[in-house]
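What the coordinates show
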Amino acid sequence: MRFAHGLPVGRDRNSAETDLGIKRTSMNKMQQLLYSDDTPDALATKTADDTGHRVSVLFPLPLPKAYDYLCDSADKPPIGSFVAAPFGPREVVGVVWPSDDGERAKKKSKVQKLKSINQVYDAQPLAADLVDFIDWAAEYTMYPKGAMLRMVMRVKDAFEGPRMQTAFAATGEKPARMTPQREAVLAAASTAPQSAGQLASAAGVSEAVVRGLVGAGGLLKVDVDPDPPFIAPDLLRAGPMLSGDQQYAADFVATIIERDEHKGILIDGVTGSGKTEVYFAAVAAALSKDPDAQALILLPEIALTLPFLERVEERFGAAPAPWHSELTGAQRRRTWRRVAEGQARLVVGARSALFLPFPKLKLIVVDEEHDGAYKQEEGVIYHARDLAVARGARAGFPVLLASATPSLETVVNVDEGRYEAVGLSGRFNDAQMPDISLIDMRDDTPDAGKWLSPKLVEEVDKNLSVNEQTLLFLNRRGYAPLTLCRRCGHKMTAPGSDTMLVEHRFENRLVCHHTGFSMPKPSVCPVCKAVDSLTACGPGVERVAEEAKERWPNARIEVLSSDTAPGPQTMRAVLDAMKAGEIDILIATQVAAKGHHFPNLTLVGVVDADLGLAGGDLRAAERTYQLLSQVTGRAGRAEKPGRAMIQTYQADASVLKALASGDRDAFLAAEAMGRQELGFPPYGRLAAVMLRSPDEAALDRAANAMRAAAPLADGVEILGPARAPIYRLRGIARMRLLVKTRRNVNLQAYLIDWLKRTKPQSGVRITLDINPYSFM
DNA sequence: AGCACGCCGACT
DNA sequence: GTCGGCGTGCTC
């Protein structure tokens, strides 16, 4: 794929088809199903209104279908309404759902007594496109519909509307008897209504004074909404001047928004090329078009920082509604409610923001679309970028994917004409791309117990001598990734897990990065009892920092990783110090790779480029390219191009050669060819079937039985079962089967058929991961 | 997800 | 003889 910069690439095709399109399944028609063409097919969203006062209700529980209830036919709640209904021995809040016609037909033959709905909530019903999306996403990911609905309803009781809080507002009248205390309270209340406690503390008096003023007529009791509305984005506010490329891209996107149709659109441009301004313009266009329209900007969790929110505020004169894992309960409720009302028009959020109850979503932007953080790996497993595209395709609005290093999936979608693409060239302020070179560690070997090659050391020396900053990148937290007994060879692992304990020397502890387990570093080997025999093997950032401090005793050296000892504020402080030029050498994990601009950083050293290539899952090379391209891109500034040195023992690896030559498109083409030959995504479909059990023998039996039960089908290949790379985790053993199919096979239908033929084994749990990214 | 039903160990 | 462990199954 090559982009003529400023020109849209990709044949025009009207189809809103994505790779995610799947057919509704009908169990006994396997042949038809398995080889059906891929066009997505509208799921039934129409109301089967023939049955008067009967409604289906879906509960936010891991249940695959909705349940039928009676209701007063006079005020039958529309689809999407929140209702409370008796369910088993208790009452549960659910959502009125489209009834499944097939299910209904079955039931009509049976006499069935239905219970009645208890209550219909006053809240705005969920939008039809969200209901449709939940149905589709459940079918695609193979999770029960109710589990998907739970993603929408995770904010407890938010649909009940505001729990009004009592506040006191100044009436404007002064009671006859005034005191200094009363004056102070009235002064505090004159700005905005506040609670008795707030007024009392603002005035430095007791709450008795506040209550007294109510009786005396100076204050009035009012109910206030505890969730203040969001300030509307100012759509007329002028953004910065756009470059020619940016303007072209913005206009191109605006045309598609104007046409009100779905398109996946890749915004392709290096860091600093101004992708953000292009999609800000798109947001403005989408929101201007319709006064009720809403837009969502998705970011990988890690990029969702205060600086980004401030940038949005600067552009639109108002902070967006935020959505991420760090929000407090109250903040979460505020965003959820205001989004549901349509009041919050611009949301900036992490992947789960996709499940907010937008009544009129008209645009989704997926920034850093290649980022692995979009893949939810726990609970309901889904890929937010893929679901975002599917949501836009089904609801008929555009979805923008922005990246400097787009995923192969997206690039192939562009090449095959399913997505559009606009390219941005050049860096802001004419900053140059860094000069990247490889250091072959076989020729340029560091001394024993050291990790920096002579060449890299020499470059750092040069940089120090001209007072420019250096970033040494190593994607490994802690001091050493492996702790080994020199006498008996025992490797320290977490209890019940096949995970190595990582030494963290700041805290003098051994830590498991997978389970969270940690222990003080023992002085005796737990197996052979040898004293002081435990040895640190391999480097982490702390160890490289130790080496750097030894080598450059006069340089200002800092370590930065997600667990830099004293706490999260430290991270901010280190980043600020780096920006301010108060650090000469920063040794960091990937937390430093994203979204920070260090003006005096001119040298980036990648300590171990081979780290991400080990293990060899299908996306290892791609991820390495993306990560290292981002990290090395940190080097350089307007007046002076930066340089990056990549240490590797695999200097012939095509990924690294492509990085050094800057030929991204050649790398992608080679990578695509490799995937195509093997039939891996995006040229084939892949699903992981994971089995877990505390009982290893039972797990083995179950996995083999499952393999044996796999139906033969043309274009379907079963791989495994194989033990997970981390076989035991927290006392649970895990095995995996992979299903690889041709692209025209309905993978979900195959899996349903397979699972039907598999006897459930007691104590063995099965989870499915459609299009897996993690193979741990 | 809850919650009940149901079938095997250590207690009044 | 009961209290209670959590495996299995159901909820319109």
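None of the values given here were measured: they were computed from a predicted structure. (Residues numbered from 1 in each chain as written. Chains lettered and ligands numbered in written order. Predicted model: local features only at pLDDT ≥ 70, side-chain atom pairs only at ≥ 80, totals over all residues. Heavy atoms only, no water.)

1. Description of the protein's contact with DNA strand B
Taken together, L61, P62, L63, P89, R90 and R150 make up the full set of residues near DNA strand B. Of what DNA strand B places within 4 Å of the protein, 64% of the atoms are sugar or phosphate. R90 is positioned with one of its side-chain polar atoms (N or O) 3.2 Å from a base nitrogen of DNA strand B. Taken together, the residues that form the surface near DNA strand B break down as four nonpolar, no polar and two charged. (Near = heavy atom within 4 Å. Polar contact = N/O pair within 3.5 Å; in protein donor to acceptor, adjacent residues only side chain to side chain. Nonpolar A, V, L, I, M, F, W, Y, C, P; charged D, E, K, R; others polar.)

2. Regarding the protein's contact with DNA strand C
L63, K65, D68, G88 and K115 are the nearest of the 14 residues found near DNA strand C. Backbone atoms, meaning sugar and phosphate, form 43% of the atoms of DNA strand C found within 4 Å of the protein. With respect to DNA strand C, the backbone of G88 contributes an N or O atom lying 2.9 Å from a sugar or linking oxygen. Here a phosphate oxygen of DNA strand C sits 2.6 Å away from a polar atom, N or O, in the side chain of K115. Mapped onto the surface near DNA strand C, the elements with two or more residues apiece are β2 (67-70) and β3 (82-87). When residues in the surface near DNA strand C are grouped by element, the largest group, three residues, is from β2. Taken together, the residues of the surface near DNA strand C break down into six nonpolar, three polar and five charged. (Helix = DSSP H or I, 4+ residues; strand = E, 2+ residues; numbered from the N terminus.)

3. Concerning the sheet that holds strand β20 (residues 502-504)
Remark on secondary structure: sheet strands pair via backbone hydrogen bonds, oriented parallel or antiparallel. Pairing is antiparallel in the open sheet, where three strands are placed in the order β20-β21-β22. If you trace the sheet from one side to the other, it starts and ends with β20 and β22 (518-520), each paired once. Here the average twist between neighbouring strands, direction ignored, is 30°. In terms of strand pairing, strand β21 (residues 509-511) meets β22 through three bridges, oriented antiparallel. For L510, the partnering residue across the bridge sits in β22 and is M519. (Pairing = 2+ DSSP bridges. Axes fitted to C-alpha atoms, helices over the stretch in contact; angles between N-to-C directions.)

4. Points about the side chain of H324
If you trace the backbone, H324 turns up in the loop between β10 (321-323) and α11 (329-340). Engagement of the side chain of H324 in a polar contact is seen with the backbone nitrogen of E326, the distance being 3.1 Å. With residues up to four places along the chain from it excluded, the contact list for H324 reads E301, L304, R332 and A350. (Contact = heavy atoms within 4.5 Å.)

5. Overview of the sheet that holds strand β8 (residues 264-269)
Strand order in the open sheet formed by seven strands is β10-β11-β9-β12-β15-β8-β16, with parallel pairing between adjacent strands. With one partner strand each, in any of the chains shown, β10 and β16 (419-424) form the two edges of the open sheet. This sheet shows a mean twist of 20° between the axes of neighbouring strands, independent of strand direction. When strand β12 (residues 361-367) meets strand β15 (residues 399-403), the two strands line up parallel, connected through four bridges. By the bridge assignment, V365 is partnered in β15 with L400. Helix-sheet contacts for helix α8 (residues 244-259) involve β8, β12, β15 and β16, and the interaxial angle to β16 is about 160°.

6. Remarks on the UniProt feature "domain: Helicase ATP-binding" (unreviewed entry) in chain A
Per the UniProt record, "domain: Helicase ATP-binding" (unreviewed entry) is annotated on residues 256-424. In this annotation, residues 256-424 is assigned 37% helix and 24% strand; the end-to-end C-alpha distance for the span is 18 Å. (UniProt positions renumbered as here; feature names shortened; annotations may be inferred.)

7. Some points on the packing of helix α9 (residues 275-289) against helix α10 (residues 306-316)
Running from N to C, α9 and α10 point in directions that differ by 55°, and their axes come no closer than 11 Å. With respect to their mutual orientation, α9 and α10 come out oblique. Classified by chirality, the crossing of α10 by α9 is right-handed. The segment α9 lies against α10, with T276, E277, Y279, F280, A281, V283 and A284 engaging F308, R311, V312, R315 and F316. Counted by class, the contact of α9 with α10 contains eight nonpolar, one polar and three charged residues. (Parallel < 35°, antiparallel > 145°, perpendicular 65-115°, else oblique. Left-handed = near helix turned anticlockwise from the far one by under 90°.)

8. Considering the packing of aromatic side chains
A full pass over the atoms with the stated rule returns 15 aromatic pairs. Between Y67 and F87, the ring centres sit 4.9 Å apart and the planes meet at 75°, which makes this aromatic pair edge-to-face. Remark: F87 occurs in strand β3 and Y67 occurs in strand β2; sequence separation between them is 20 residues. Cluster of aromatic residues (ring-pair linked, three or more members): F59, Y67, Y69 and F87. Here the guanidinium or amino end of R619 rests over the ring plane of Y773, the centre of that ring lying 3.5 Å away. Here the guanidinium or amino end of K740 rests over the ring plane of F680, the centre of that ring lying 5.0 Å away. (Phe/Tyr/Trp six-rings, centres within 6.5 Å; stacked < 30°, edge-to-face > 60°. Lys NZ or Arg CZ within 6 Å of the ring centre and 35° of its normal.)

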